[in-house]
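# Secondary and tertiary structure notes
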Amino acid sequence: MSDRKRTENHIQPFDLSRWEGLDPATIAVIAGRGPEEPGQPINVPPMLTSIYKDNPGNLYARDGNPTWAALEETVGALEGGRCLAFASGMAAVTAVLDGLPLGSKVVYSADSYTGTRIQLDRMAAKGTLEAVPVDVTDAAAVEAACVEAALLWLESPTNPMLSIADIEAFSETAHAQGATVVVDNTFATPLLQKPLDLGADIVIHSASKFISGHSDVIMGLAVTRDEGRFEALFHERTLGGAIPGPLETFLSLRGLRTLPIRLEKGQANAMELARRLETHPQIESVIYPGLDSHPQHALAQRQMRGPGAMLSFVVAGGADAADKACDRVEVITHATSLGGVDTSMERRSRWEGEHAPPGLIRMSVGCENVEDLWADLSRALD
Ligand SMILES: *Cc1c(COP(=O)(O)O)cnc(C)c1O
């Protein structure tokens, strides 16, 4: 009995060579299937247990769960690192921030997810860390802000302005200062952008969005290649306790299986809607990385495999006209959040602390027929 050790359970071996030469669309479908033995189910089922019969590997389900491991293996294979699943995107965000030494300077994209900004502000108010917002379209500003920083927090495309951060260049800038680089890859997904390949140290996801993809799950993920960072995040999860539910993890992986085709369709729809909106008389401006008119179109083309399924546009009549359009849509859902098969939109500046122009609508473009989407949207705008 004495040689029984508590080990890190259910952590996939870090062996990405299995996926070499395969397209991400294939990896999303075939990774994370669990044991290969004959008679095993093709999908790892939701493992509903809190304890495991005592053995050297598995003890308690706050440490690990085979259903998490299946999702983690798949996302790890797609991002090119080792993945940990968390209870939510914010749980993953907080695990990274909580791991910083007291008083660390965090430089973050001023145009970031609201929850991340609020969390940074709260921690700064308590004196846990110093939070410095920066405009990620301004390389000189990023370089100046990174002096003596411990962490550079990037999001790209940003929310909701869909600005593109130059992940490769800023990773070099931050690393020169000894800072860790985190990229929230929720909007792009690993199918369109692989931040670890571009030099980032940690990738964060709200898998509640495109990865799960059906507006029915809250889930978070963190991915890294670095052994030490992985261990630290593992302990933040186990001891912080922000672990996902087995059923939610199962649903996330089921959703992820179809991410390649959902994204392809959503992106094609977004491109078509963006082009049509550009010539619509009620629209002041359209912000979409796939348009030539996007100020960082060339960088987006270089850094991403595609412009994604998120689209922002500014309605000419300001907040009132944008609110009316949101009220009138019928095929499109008026809702916050994003990344589902269903198209949704909302006026961003209705949220406190959101810096978007008053008439800006952010749209998450889904998989409906594009003519139905256009008919609904143009009716709502007229
Ligand atoms: C939604 C979101 C989060 C937070 O994730 P939850 O799963 O809602 O906790 C973080 N970052 C981005 C970019 C998001 O869209």
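These lines cover the structure that appears in this document, whether it is placed above or below. (Residues numbered from 1 in each chain as written. Predicted model: local features only at pLDDT ≥ 70, side-chain atom pairs only at ≥ 80, totals over all residues. Heavy atoms only, no water.)

Attention shifts here to the overall build of the chain. Along its length, the chain carries 13 helices and 12 strands. For the chain, whose C-alpha radius of gyration is 21 Å, the value lies close to the compact-globule estimate of 21 Å for 382 residues. Expressed as lengths along the three principal axes of its C-alpha atoms, the size of the chain is roughly 75 × 50 × 35 Å. Expressed as a percentage of the 382 residues in the chain, the buried residues total 55%. Looking at the chain alone, contacts between residues at least 24 apart form 71% of all its contacts between residues at least 6 apart. Split by element, the accessible area of the chain, about 16100 Å² in all, is 52% carbon and sulfur. Positive and negative side-chain charges in the chain, numbering 32 and 51 respectively, have mean positions lying 5 Å apart. (Helix = DSSP H or I, 4+ residues; strand = E, 2+ residues; numbered from the N terminus. Rg over C-alpha atoms; globule rule 2.2 N^0.38 Å. Buried < 20%, exposed > 50% of the residue type's maximum accessible area, 1.4 Å probe, protein only. Contact = heavy atoms within 4.5 Å. Areas by Shrake-Rupley, 256 points an atom, 1.4 Å probe, with all protein chains shown as cover. Lys, Arg positive; Asp, Glu negative; His and termini not counted. Charge placed at Lys NZ, Arg CZ, Asp CG, Glu CD.)

With mixed pairing, the five strands of this open sheet are ordered in space as 8-9-12-11-10. Strands with a single pairing partner mark the edges of an open sheet, and in this sheet they are strand 8 (283-287) and strand 10 (333-334). Two strands pair when backbone bridges link them, and strand 9 (residues 310-315) and strand 12 (residues 360-364) are joined in this way by five bridges, in the antiparallel orientation. Bridge pairing in strand 12 links Leu311 to Met363. Sitting on the sheet, helix 12 (residues 318-328) is in contact with strand 9, strand 10, strand 11 (344-347) and strand 12, with an inclination near 155 degrees to strand 11. (Pairing = 2+ DSSP bridges. Axes fitted to C-alpha atoms, helices over the stretch in contact; angles between N-to-C directions.)

Below, the discussion takes up helix 3 (residues 89-98). Think of an α-helix as turning once every 3.6 residues; residues three or four places apart then point the same way. With eight of 10 residues buried, helix 3 lies mostly within the body of the structure. Turning to helix 3, its buried residues are Gly89, Ala91, Ala92, Val93, Thr94, Ala95, Val96 and Leu97.

Let us now look at the nonpolar core. With 41 residues, the main nonpolar core has Leu71, Val75, Phe210, Leu221, Leu256 and Leu259 as its most contacted residues. For this core, the element with the highest residue contribution is helix 2 (residues 66-79), accounting for five residues. Of all hydrophobic cores here, the second largest spans 27 residues; its members include Ala274, Met345, Leu377 and Leu381. (Core = buried A, V, L, I, M, F, W, Y, C linked by side-chain atoms within 4.5 Å.)

Moving on to the site of the ligand. Close to the ligand lie 13 residues; Met90, Asp184, Ser206, Ser208 and Lys209 are nearest. Between the ligand and Asp184 there is a distance of 2.7 Å, counted from a nitrogen atom to a side-chain nitrogen or oxygen. At 2.8 Å, a side-chain N or O of Ser206 approaches an oxygen atom of the ligand. Within the complex, the protein chains bury 93% of what would otherwise be the 380 Å² of accessible surface of the ligand. (Near = heavy atom within 4 Å. Polar contact = N/O pair within 3.5 Å; in protein donor to acceptor, adjacent residues only side chain to side chain.)

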